[in-house]
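For reference, the chains in residue letters:
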Amino acid sequence: MDIEATAKAVLAGDRRALARAITLVESSRTDHRAAALGLLQVLQASGRQALRIGLSGTPGVGKSTFIERFGLMLTGQGLRVAVLAVDPSSARSGGSILGDKTRMDRLSRDPLAFIRPSPSQTELGGVARRSREAVALCEAAGFDVVLVETVGVGQSETVVAEICDIFVLLLAPAGGDELQGVKRGIMEMADLILVNKADGDLKPAALRTKADYTGALHLLRRRPQDPPEFPKALAVSAVTGDGLPGAWDEIRALATWRKAHGHWTDRRAAQARHWFEAEVRRTLLSVLDTASGRAALHALGDRVAQGELAPEAAALLFQPGASSR
């Protein structure tokens, strides 16, 4: 791949070039990684930024339906919207269906929208390993809003909060009482809680759930990056569109406040440091994937399986290339 030509095409908003660039950064091949790092370094000089919105929630809560309706609302206002959807990968085969684009049929045909599904592979936390780099590519391509849809996640999977500027948690009606909202984990990371499916017969339940979480949020410790009354809970409907303009207003108000008070740049700097440290840990762990590392692990693993060593003691003996005496 011609890095300079690809960078120019991405900066010009070429969607095919953007798709190829994301494929490049997601590749694990050594030569592809070197090219991807070179491409990202060139694009970083553009200094372009988008509003990064992370969207998480349990399976079946309506994330894809919400994103399509929300994205169409944004493109209707003339905004360019990129959607990075992460699909769970099979623990057995490693494959993914990548069906999110099929669910967003109307949005995928919108000329102001770009949708890219990616497999989670072996990553935990609801996002793919290179989602952060894919977000940076979408920013360089000139998109105004980047939506990162996670896989269906649970209470403790909060990695997406280290990618986005605003973290939105989507909940279903009657999903829990006030105690559920006080539980630590993903609830502490959310900037905005949206109770979806507030329409039809489920509307009363959605309003009750919204009231439960509103009460629960008042019990959480206030964060320095939040203005008064944030985080907050709202009731929305991805089917009818009710509540979506209000949710967008709240997202913009929160982003504006954080920029004005310096939290925006501080948060992005902290996120950059987080991913630097994560890459250092990955580099150190990569020693396990060498021939000597695998041999040492296998030898020590046999001794642990036979009861000769405790797992903790064997871990202290692990040295790639050294004999496991």
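The rules behind these values
- Residues numbered from 1 in each chain as written.
- Predicted model: local features only at pLDDT ≥ 70, side-chain atom pairs only at ≥ 80, totals over all residues.
- Heavy atoms only, no water.
- Helix = DSSP H or I, 4+ residues; strand = E, 2+ residues; numbered from the N terminus.
- Buried < 20%, exposed > 50% of the residue type's maximum accessible area, 1.4 Å probe, protein only.
- Contact = heavy atoms within 4.5 Å.
- Areas by Shrake-Rupley, 256 points an atom, 1.4 Å probe, with all protein chains shown as cover.
- Axes fitted to C-alpha atoms, helices over the stretch in contact; angles between N-to-C directions.
- Parallel < 35°, antiparallel > 145°, perpendicular 65-115°, else oblique.
- Left-handed = near helix turned anticlockwise from the far one by under 90°.
- Nonpolar A, V, L, I, M, F, W, Y, C, P; charged D, E, K, R; others polar.
- Core = buried A, V, L, I, M, F, W, Y, C linked by side-chain atoms within 4.5 Å.
- 1 Å grid on protein atoms, 1.4 Å probe; cavity = no way out; pocket = protein on both sides within 12 Å on 5 of 7 lines; lining within 4 Å.
- Points joined across faces, edges and corners; volume = space filled by probe spheres on them.
- Salt bridge = Lys/Arg side-chain N within 4 Å of Asp/Glu carboxyl O.
- Phe/Tyr/Trp six-rings, centres within 6.5 Å; stacked < 30°, edge-to-face > 60°.

When helices and strands are counted, the protein chain shows 14 helices and seven strands. Buried positions account for 45% of the 325 residues belonging to the protein chain. The long-range fraction of contacts in the protein chain, counting pairs at least 24 apart against all pairs at least 6 apart in sequence, stands at 76%. Counting every atom, the protein chain has about 16,400 Å² of accessible surface; 55% of that belongs to carbon and sulfur.

The subject of this paragraph is the packing of helix 3 (residues 30-44) against helix 7 (residues 131-140). At their nearest, the axes of helix 3 and helix 7 sit 10 Å apart, and the two run at 40 degrees to each other. As the angle between them shows, helix 3 and helix 7 are arranged oblique. Crossing angle aside, the handedness with which helix 3 passes helix 7 is left-handed. Of helix 7, the residues touching helix 3 (which contributes R33, L39, L40 and L43) are E133, A136, L137 and A140. Of the residues that constitute the contact of helix 3 with helix 7, the class distribution is six nonpolar, no polar and two charged.

Ranked by internal contacts, the top residues of the largest apolar core, which has 44 residues, are L18, I22, L137, C138, V146 and I193. Considering each element in turn, this core owes the most residues, six residues, to helix 2 (residues 15-26). If we ignore the near neighbours within four places in the chain, the residues touching C138 are L18, I22, A82, L84, F143 and V146. In terms of nonpolar packing, the next biggest core, distinct from the first, is built from 34 residues, I53, V83, L107 and F230 among them.

Between helix 2 and helix 3, the least distance of the axes is 8 Å, while the angle of their chain directions is 125 degrees. Regarding the angle of helix 2 to helix 3, the classification is oblique. Along this stretch, helix 2 crosses helix 3, giving a crossing that reads as left-handed. Contact residues: helix 2 offers A21, L24 and V25, while helix 3 offers H32, R33, A35, A36, L39 and L40. Residue classes in the contact of helix 2 with helix 3 are distributed as seven nonpolar, one polar and one charged.

What follows concerns the layout of surface pockets. Volume-wise, the largest pocket comes out at about 1,300 Å³. L37, L40, R130, R132 and E133 are, among the 37 residues lining the largest pocket, the residues nearest its centre. Those elements that provide at least two residues to the lining of the largest pocket are helix 2, helix 3, helix 7 and helix 12 (263-285). Counting residues per element, the lining of the largest pocket draws most heavily on helix 12, at nine residues. Split by residue class, the lining of the largest pocket holds ten nonpolar, twelve polar and 15 charged. Here the second largest pocket defines a volume of roughly 350 Å³. In terms of lining, the second largest pocket is formed by 15 residues, of which the most central are L217, H218, L220, F230 and P231. Those elements giving two or more residues to the lining of the second largest pocket turn out to be helix 10 (203-217) and strand 7 (232-235). Class assignment for the residues of the lining of the second largest pocket results in five nonpolar, two polar and eight charged.

Inspection of the entire model under this criterion finds 20 salt bridges. Between R130 and E279 there is a salt bridge whose closest N-O contact spans 3.4 Å. Residue R130 is located in the loop between strand 3 (113-119) and helix 7, and its partner E279 is located in helix 12; the two are separated by 149 residues in the primary sequence. As a salt-bridge pair, R267 and E162 come within 3.6 Å of each other at their nearest N and O atoms.

Let us look at the packing of aromatic side chains. Inspection of every chain in the model, using the stated rule, returns three aromatic pairs. Summarising the aromatic geometry, the rings of F66 and F70 are spaced 5.3 Å apart at their centres and angled 15 degrees between planes, so their arrangement reads as stacked. A residue pair is termed a helical-turn pair when its members lie 3 or 4 positions apart in one helix, as F66 and F70 do in helix 4 (residues 63-76) at four residues. Overall, the relative accessible area of 4% leaves F66 in the buried class.

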